[in-house]
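# Commentary on secondary and tertiary structure
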Amino acid sequence: MTSPMTLAQMAEAVLRTADGREKTALSHKYAALWRASREDGATPIEVGTACPPLSPARPVKPELLSPRDVPKRKPGTPEGRIAILHAIAHIELNAVDLHWDIIARFSHVPFPLGFFDDWVRAADEESKHFNLMCDRLEAFGSHYGALPAHAGMWQAAEETVDDLMGRLAVVPMVLEARGLDVTPGMIKLFQQAKDKDTVAALDIIYAEEVGHVSYGSKWFHFLCGRENLDPKPVFHELVRKYFHGGLKPPFNDEKRAEAGIPPDFYWPLAD
């Protein structure tokens, strides 16, 4: 069945949906439509163009606070583990919007269709990750929105609204790569709490986030190659421009390498 919407319009519709569960349901629906059209070939969906909002629609809760004002909880307690799950859910919901935003905002840039395939898949997987975290929160008698959350998650998107290379450098290659560094410690924490269901959910997230970082690296290098630029100094320049503060070791060198980011990209930017 031919879709009456372009991919960019689908992306904009996700961005304009406030409720997290509704947003991710729409994300799954549009990702499935795009995949089916690509596999079919006979009924292609056009990439098209859109007018995405500067910031995505958000639910009334959680209350968004400055990072320094978000309450700290001891991770070894049940309340602390709920706070961790809530923080991950918030990150994953932002990631859903970030991946649809790169499609809607930069659909005018000429790319092989594989670029859009990658970010649709990433958005689809982030939608699954958000729902996994919401399911775990609800299993503990909580829900997304029950706690305050980090207000700065969308800052990198707003600052790179006109700079696709900067967006690729900072969002997947810095922010999402940070997830590869910290997720093993979170998995260990829930293993110690004998929470097998949360460990299983985090294992899925950890495995799939490598792919999202790799998409950033792949298309960043693609753009550098097309413009005959040396990727490493360009990456350093863009991260210093758009990312506030140094990168924080320890780094997961193995997973970062698997995602196509060598140590000489990030170690010179370390605190």
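About the criteria used
- Residues numbered from 1 in each chain as written.
- Predicted model: local features only at pLDDT ≥ 70, side-chain atom pairs only at ≥ 80, totals over all residues.
- Heavy atoms only, no water.
- Axes fitted to C-alpha atoms, helices over the stretch in contact; angles between N-to-C directions.
- Helix = DSSP H or I, 4+ residues; strand = E, 2+ residues; numbered from the N terminus.
- Parallel < 35°, antiparallel > 145°, perpendicular 65-115°, else oblique.
- Left-handed = near helix turned anticlockwise from the far one by under 90°.
- Nonpolar A, V, L, I, M, F, W, Y, C, P; charged D, E, K, R; others polar.
- Phe/Tyr/Trp six-rings, centres within 6.5 Å; stacked < 30°, edge-to-face > 60°.
- Buried < 20%, exposed > 50% of the residue type's maximum accessible area, 1.4 Å probe, protein only.
- Contact = heavy atoms within 4.5 Å.
- Salt bridge = Lys/Arg side-chain N within 4 Å of Asp/Glu carboxyl O.
- Core = buried A, V, L, I, M, F, W, Y, C linked by side-chain atoms within 4.5 Å.
- Expected span 1.5 Å × (residues − 1).
- Bend = angle between axes of the 7 residues up to and from the residue.
- Polar contact = N/O pair within 3.5 Å; in protein donor to acceptor, adjacent residues only side chain to side chain.

### A closer look at the packing of helix α4 (residues 113-139) against helix α7 (residues 196-226)
Remark: α4 packs on α7, axes separated minimally by 10 Å, with the N-to-C direction vectors making an angle of 160°. Classed by the angle they form, the pair α4 and α7 counts as roughly antiparallel. Crossing geometry of α4 relative to α7 is assigned as left-handed. Each residue belonging to the contact of α4 with α7 can be placed in one class, and the counts come to eleven nonpolar, five polar and ten charged.

### Digging into the packing of aromatic side chains
For the coordinates displayed, the defined rule picks out 13 aromatic pairs. Here Trp-219 and Phe-222 contribute two aromatic rings whose centre-to-centre distance is 5.2 Å and whose plane-to-plane angle is 70°, an arrangement assigned as edge-to-face. On the criterion of helical spacing, the pair formed by Trp-219 and Phe-222 is a turn pair, its members being three residues apart in helix α7. Taking relative accessible area as the criterion, Phe-222 reaches 29% and is therefore assigned partly exposed. A ring pair is formed by Phe-235 and Phe-265, whose centres lie 5.2 Å apart and whose planes are at 40°; its orientation type is tilted. Taken together, the residues span a long stretch of sequence, with Phe-235 in helix α8 (residues 231-242) and Phe-265 in helix α10 (residues 263-266) at a distance of 30 residues. For the residue pair Phe-235 and Phe-265, the accessibility class agrees, reading buried in each case.

### What about the environment of Tyr-144?
Among the secondary structure elements, Tyr-144 is positioned in the loop between α4 and β2 (149-150). In this structure Tyr-144 comes out as buried when scored by relative accessible area, which is 12%. Distance in space between the C-alpha atoms of Tyr-144 and Pro-110 is 37 Å, their sequence separation being 34 residues. When residues no more than four places from it in sequence are discounted, the contact partners of Tyr-144 are Pro-59, Pro-62, His-86, Ala-89, His-90, Leu-93, Phe-130, Cys-134 and Leu-137.

### As for the pattern of salt bridges
Applying the stated criterion across every chain yields a total of 18 salt bridges. Among the ionic pairs, Arg-58 bridges to Asp-97, the shortest N-O distance being 2.6 Å. Here the residue Arg-58 occupies a position in the loop between α2 (20-40) and β1 (64-65), and Asp-97 occupies one in helix α3 (residues 78-105), the gap between them amounting to 39 residues. On the basis of relative accessibility, which here comes to 23%, the residue Arg-58 falls in the partly exposed class. Here the salt bridges do not stand alone but share partners, grouping Arg-21, Asp-135 and Glu-138 into one network.

### A short note on unusual backbone geometry
Each neighbour pair has its own omega, and for Lys-61 with Pro-62 the value is 10°, a cis peptide bond. Note that Pro-62 resides in the loop between α2 and β1. Omega for the peptide link from Pro-249 to Pro-250 comes to 5°, which places this bond in the cis form. Considering the arrangement of structural elements, one finds Pro-250 in the loop between α8 and α9 (253-258).

### With respect to the environment of Met-133
Following the sequence through the fold, Met-133 ends up in helix α4. Discounting residues that sit within four places of it in the chain, Met-133 has contacts with Leu-85, Ile-88, Ala-89, Ala-201, Leu-202 and Ile-205.

### What about the nonpolar core?
Counting 80 residues, the largest nonpolar core has Leu-7, Trp-100, Ile-103, Trp-119, Phe-220 and Phe-235 as the members making the most contacts within it. Here the element with the most residues in this core is helix α6 (residues 164-192); it accounts for 14 residues. With residues near it in sequence (within four places) discarded, Phe-220 still touches Met-165, Leu-168, Ala-169, Met-173, Pro-231, Val-234, Phe-235, Leu-238 and Phe-265.

### Some details on α6
The end-to-end C-alpha distance of α6, which contains 29 residues, comes to 41 Å, matching closely the 42 Å that a straight helix rising 1.5 Å per residue would cover. At Val-182, α6 shows its largest bend, some 40°, and a proline, Pro-184, comes one to four positions later. The residue sitting at the N-terminus of α6 and contributing the capping side-chain oxygen is Asp-163; that oxygen lies 3.3 Å from the backbone nitrogen of Met-165. Downstream of α6 by a residue or two, Lys-194 has a phi angle that is positive, lying close to 55°.

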